[in-house]
Amino acid sequence: MRTLVVWCPDWPVVAALAERDLPGHLPAAVFAANLVQACNGAAREFGVRRGMRRRDAQARCAELLVLDQVPEREARAFERVLAALEELRPGVAPLRPGLAALRSPGRFYGGEPEAGAVIAECVVGLGIRDVRIGVADELFTAEQAARLAPLQETCVVPPGESGMFLRTLPVEVLDEADGSGTVSLLRRLGLTTLGDLAQLPTGSVGARFGSRAAWVHRVLHGGGARPLSTRTPPPELVGQVDFEPPLESAEAVCFSARRTAERFVAGLAERQLVCTELLVGVEADGALASERRWLHPRWFTAADVIDRLHWQLVGSLRVGDIRAAVTRVRFTPETVVPEADHADGLWGGTDARVERGIARVQGMLGHEAVVAPVLQGGRSPADRQAMVPWGERPAGLRPRELPWPGSIPPPAPARVFPAPWAAGVLDAAGRPVAVLDRGSMTGEPARFRPGAAEGWQPVAAWAGPWPVDERWWEGGRRLVRFQMVGVDGRAWLVTFDGSAWVTEAAYD
Amino acid sequence: MATALLTRTAEIDRLRERMRRLEDCQARPELAALPGLARAVRLRAGGSYEVDGACLALALLAGPSRAGAWCAVVGMPDFGVEAAAELGVVLERTILVPEPGESWLEATAALVDVAALVLVRPPGRVSESTAGRLAARLRKRGAALVSLGPWPRAEASVRLAEPRWEGIGRGEGQLRARRLTVEVRRGAAPPRRTDLWLPSPDSDVAPAGRPVAVREVG
């Protein structure tokens, strides 16, 4: 069975740039744990490589766009490509975001290069410029062929020639992200191409280099073809209801949509699926008036779907998003998972009642209004915490285990201002106090005012200055922190940023 | 005869009902409190309380949170997450609505349904009728409300007096612990005063009756 592999190089970067509506020619790299996970061609021209530390990468390319790794985003963005491929040919096997395989359409398009061209055109039509296609007898060879193909071109390995094709490739193609060290071991043994590997006895390869090398070894000898585990294309699960005549009130809409919601949930249940992320769209007067994405920690029942619709309608009517009568409501399952994944655990998960209450507040104020507090590493109190919208997984948090020089010793302040207050600090003569470059102060703080809403008062006690260099390599600021206690006994964290005083936090 | 019996049973039922309500009122369970704080102030389910310090509010939150209850915080964009965690607030069971805007009351009411303790900073003056409606909901759900700011008909009003920070001098040392007096005022009764360390040198709450070792500035 001939296999065709579609490869979109540097997918993490492509997906991240597309999400931010940034052009693809900018040098960009996706980082995880401060190491380059993927970079695009523009960044490679500057010498940025995978596995490089962030500081080194930025030293080579100062204007490098630094993007965080979000695996969900990569998978989500690739879903579009998979759907487009499925339209051309059902039975697509997603290998990982950026890489998919399908059974080669063969003669249907008049030959394999032509089929490749049709598929490349389809992917380019989605706005993804860099796509390469490889066709071969089985998956491994097809993937290697795709990696050798030029931009938007197809590389075809004729039937029965996989072994010949692979033998010339360097052993580096066996490099996997798992860091098993196979490549390094082969190099040290003097085996530089897959041809060298092919000459080793079959049994020894499996015993010495692991199952992956053994599989490649079989491929080199003309075997090792594995059936593709293709995915079933998502069935049409969208629930939709039209209102004729249009309905004015939220209650009427919800009442009329009840049957549709039940059918929508039942349609999923028939396929042993449950929906955990739901997109509710409301059309008024023929135009989409309100669309909101709802997450559910367990899954949506018909009643939940109607609840979300009701909250969304009430919220949108109040804000004024929906001005005309509602003509259509659509439920789109954004994420579905097998029912078995959500079978109730022995000790239960999050309290369903709590999630219901939280969802109500989200319905009133919007999804981002309800947040979960989390801790992270950082130097200032504001850096050391983060607010994650309820139901989302926190991403890109700084590790707390690092020493974070310059952070303030405990106790932590009870109030951390999201935007610092403009403060004032005067010396005994009434002149503003400033901190000079070397940490010396122009005078001892005598009076201070933490913010515009607070009055001036004498300083009862103070500690500092504690200098912090924040991002000096980016021309960042040099901050000097102080703890100040007023005569009323209240304590504040006050910072001098080189020109002005601000209050970052209060020990109320 | 039969009518007299009937009126008597009705009377007994009525009295029973009254007794039950009275008991209900007194037997409202207490929320868990931090060991150091329990002597100074205790919260009852269904009550509303006003406090005047964020740190004290976080300490009140920590008791039920540690005991496994859900807590919610409404209208505090400046919630100090690290301070809360140091005092023992379990962040996984804490719901924050930092900017509820106009809908703060609706958000608070919705969260009363799910959390055992709701901490709210009202954006302005709270009317008696608003407080009354919320109080009925609190009693029904067995939740308590702590308001950072004035709250009409609060069951108790908790104030911090004479705060004194330890460990800090003039240009030396650092904030380590704070000794203060907690004044709890219930109705027209004279305030009850308790001396506390909040936070104590190990970032907890401790009664200040016995001396607490504060490391001198070294």
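None of these values were measured; they are calculated from a predicted model.

The rules behind each value
Numbering of residues begins from 1 in every chain and follows the order in which that chain's sequence is written. Labels follow written order: the first chain is A, the first ligand is 1, and so on. pLDDT decides what is reported in this predicted model: residues at 70 or higher carry local features, side-chain atom pairs at 80 or more are listed and counted, and totals for whole chains, interfaces and linings draw on all residues regardless. The side-chain figures draw on all heavy atoms in the structure; neither hydrogens nor water molecules are used. Helix numbers and strand numbers start at the N terminus; a helix is a DSSP run of H or I with at least 4 residues, a strand a run of E with at least 2. When accessible area is computed with a 1.4 Å probe and restricted to protein chains, residues below 20% of their type maximum are described as buried, those above 50% as exposed, and intermediate ones as partly exposed. Here the accessible surface of atoms and residues is derived via Shrake-Rupley with a 1.4 Å probe, and residues count as covered only by protein chains that are part of the display. By the convention used here, strands pair only if DSSP detects at least 2 bridges between them. When checking whether two residues touch, look at their non-hydrogen atoms; a contact exists if any pair is within 4.5 Å. Computed with a 1.4 Å rolling probe, the buried area is the accessible surface lost when two parts are put together, summed over both parts. By convention in these notes, a salt bridge is any Lys or Arg side-chain nitrogen within 4 Å of a carboxyl oxygen on Asp or Glu. For this analysis, a polar contact is any N or O atom pair within 3.5 Å, provided that within protein one partner can donate a hydrogen and the other can accept it, and provided that sequence-adjacent residues contribute only side-chain to side-chain pairs. A helix is expected to span 1.5 Å multiplied by its residue count minus one. The bend at a residue is defined as the angle formed between two axes, one fitted to the seven residues ending at that residue and one fitted to the seven starting there. Confidence of the prediction at every residue is given by pLDDT, a number between 0 and 100. Axes here mean lines fitted to C-alpha atoms, for a helix over just the part in contact, with angles spanning 0 to 180 degrees between N-to-C directions. Side-chain atoms within 4.5 Å are what join buried Ala, Val, Leu, Ile, Met, Phe, Trp, Tyr and Cys residues into a set we call a nonpolar core. Within 6.5 Å between ring centres, the rings of Phe, Tyr and Trp (the latter by its six-membered ring) count as paired, and their orientation is classed by plane angle as stacked under 30 degrees, edge-to-face over 60, tilted in between. The crossover handedness rule: strands pointing away from the viewer, path from first strand over the helix to second strand clockwise, crossover right-handed.

**Comments concerning the overall build of chain A**
A tally of helices and strands in chain A yields 13 helices and 20 strands. Considering chain A as a whole, with its 508 residues, one finds that 47% of them fall into the buried category. For chain A, the accessible surface area stands at approximately 25,000 Å², while carbon and sulfur atoms represent 52% of it.

**Points about the pairing of strand E5 (residues 92-96) of chain A**
All names here are of chain A. Sheet analysis places E5 next to strand E6 (residues 99-103), joined by four bridges and oriented antiparallel. By the bridge assignment, Arg-96 is partnered in E6 with Leu-99. Counted between consecutive antiparallel strands, the loop separating E5 from E6 contains two residues, among which Gly-98 sits at a positive phi close to 100°.

**Regarding the interface of chain B and chain A**
Across the contact, 44 residues belong to chain B and 50 residues belong to chain A. Surface buried jointly by chain B and chain A totals about 3,800 Å² across both partners, of which 63% is contributed by carbon and sulfur atoms. Summed over the three residues of chain B that lose the most area to chain A, namely Glu-82, Arg-170 and Leu-175 of chain B, the buried surface amounts to 17% of that side. Counting every contact that joins chain B to chain A gives five salt bridges. Arg-384 of chain A serves as the salt-bridge partner of Glu-82 of chain B, at 3.0 Å between the closest nitrogen and oxygen. The tally of links between chain B and chain A comes to 20 residue pairs in polar contact (both at pLDDT 80 or more). Elements with a contribution of two residues or more to the side of chain B that touches chain A: helix H2 (54-66), helix H3 (81-87), strand E3 (94-97), helix H4 (104-112), strand E6 (156-168) and strand E7 (173-185) of chain B.

**Focus: helix H4 (residues 71-88) of chain A**
Residue and element names in this part refer to chain A. In a regular helix each residue adds 1.5 Å, so 18 residues correspond to 26 Å; H4 covers 26 Å between its end C-alpha atoms and thus fits that length. At Glu-79, H4 shows its strongest bend, of approximately 25°. Here H4 has its buried residues at Arg-73, Glu-74, Phe-78, Val-81, Leu-82, Ala-84, Leu-85 and Glu-86. If you follow the buried residues of H4, they end up packed against strand E1 (3-7), helix H1 (11-19), strand E4 (65-68), E5, E6 and helix H5 (112-124).

**What to know about the confidence of the model for chain A**
Summing up the model confidence of chain A, the mean pLDDT is 84 and the portion of residues at 70 or higher is 92%. Predicted confidence for residues 343-349 of chain A stays below pLDDT 50, and this span has one contact to residues more than four positions away or in other chains.

**Details of the sheet that holds strand E11 (residues 287-295) of chain A**
All names here are of chain A. Judged by pairing direction, the sheet is antiparallel, and its four strands sit side by side in the order E9-E12-E10-E11 without closing on themselves. Two strands in the sheet have a free side with no partner beyond their single neighbour: strand E9 (239-247) and E11. Going across the sheet, the axis of each strand differs from the next one's by a mean of 20°, ignoring polarity. Across five bridges, the pairing between E9 and strand E12 (residues 326-338) is antiparallel. Note on E12: the bridge partner recorded for Gly-239 is Phe-331. Lying over the sheet, helix H11 (residues 250-270) contacts E9, strand E10 (273-284) and E12, oriented at roughly 165° with respect to E9.

**Observations concerning the sheet that holds E1 of chain A**
All names here are of chain A. As summarised here, the arrangement of the five strands in space is E5-E6-E1-E7-E8, forming an open sheet in which the pairing is mixed. In this open sheet, the two edge strands, each paired with only one partner strand, are E5 and strand E8 (154-156). Strand-to-strand twist of the sheet, defined as the mean angle between neighbouring strand axes without regard to direction, takes the value 20°. Bridging between strand E7 (residues 132-136) and E8 involves three bridges; their strand directions are parallel.

**Brief notes about the nonpolar core**
Residues and elements named next belong to chain B. One finds Leu-37 and Phe-79 to be the most contacted residues of the largest nonpolar core, which totals 46 residues. When contributions to this core are tallied by element, the ones reaching two or more residues are strand E1 (48-51), H2, strand E2 (71-74), H3, strand E4 (117-120), strand E5 (144-148), E6 and E7. The biggest single contributor to this core is H2, with nine residues. If we skip the residues at most four places from it in the chain, Leu-37 touches Leu-56, Ala-59, Leu-60, Leu-196 and Val-205.

**A few points about the environment of Gly-124 of chain B**
Structurally, Gly-124 of chain B can be placed in the loop between E4 and helix H5 (128-141). The sequence separation of Gly-124 of chain B and Pro-150 of chain B amounts to 26 residues, and the corresponding C-alpha distance is 9.1 Å.

**Some remarks on the packing of aromatic side chains**
Residues and elements named next belong to chain A. Applying the stated criterion to the full structure yields 12 aromatic pairs over all chains. For the pair Phe-108 and Tyr-109, a centre-to-centre distance of 4.9 Å together with 90° between the ring planes defines the contact as edge-to-face. The partly exposed category is assigned to Tyr-109, whose relative accessible area is 24%. Among the aromatic residues, ring-to-ring pairing joins Trp-462, Phe-482, Phe-496 and Trp-501 into one connected group.

**Description of the pairing of E3 of chain B**
All names here are of chain B. In E3, alternate side chains face the same way, and those of Thr-94 and Leu-96 on one face and Ile-95 and Val-97 on the other are all buried. Inspection of the sheet shows E2 paired to E3 by four bridges, in the parallel sense. For Val-73, the partnering residue across the bridge sits in E3 and is Leu-96. Crossover E2 to E3 through H3 is right-handed.

**Observations regarding the side chain of Glu-138 of chain A**
Position of Glu-138 of chain A relative to the elements: it lies in the loop between E7 and helix H6 (139-148). In terms of polar contacts, Glu-138 of chain A uses its side chain to reach the backbone amide nitrogen of Phe-140 of chain A, at 3.2 Å.

**Here's the deal with helix H10 (residues 202-220) of chain A**
Residues and elements named next belong to chain A. Between its terminal C-alpha atoms H10 stretches only 11 Å, short of the 27 Å expected from 19 residues at 1.5 Å a residue. Of all the bends found along H10, the most pronounced is centred on Gly-210 and spans about 140°. For H10, the full list of buried residues reads Val-205, Phe-209, Ala-213, Ala-214, Trp-215, Val-216, His-217, Val-219 and Leu-220. Looking at the buried residues of H10, the elements they touch are H6, helix H7 (162-167), helix H8 (182-188) and helix H9 (194-198). Within two residues after H10, Gly-222 carries a phi angle of roughly 90°, on the positive side.

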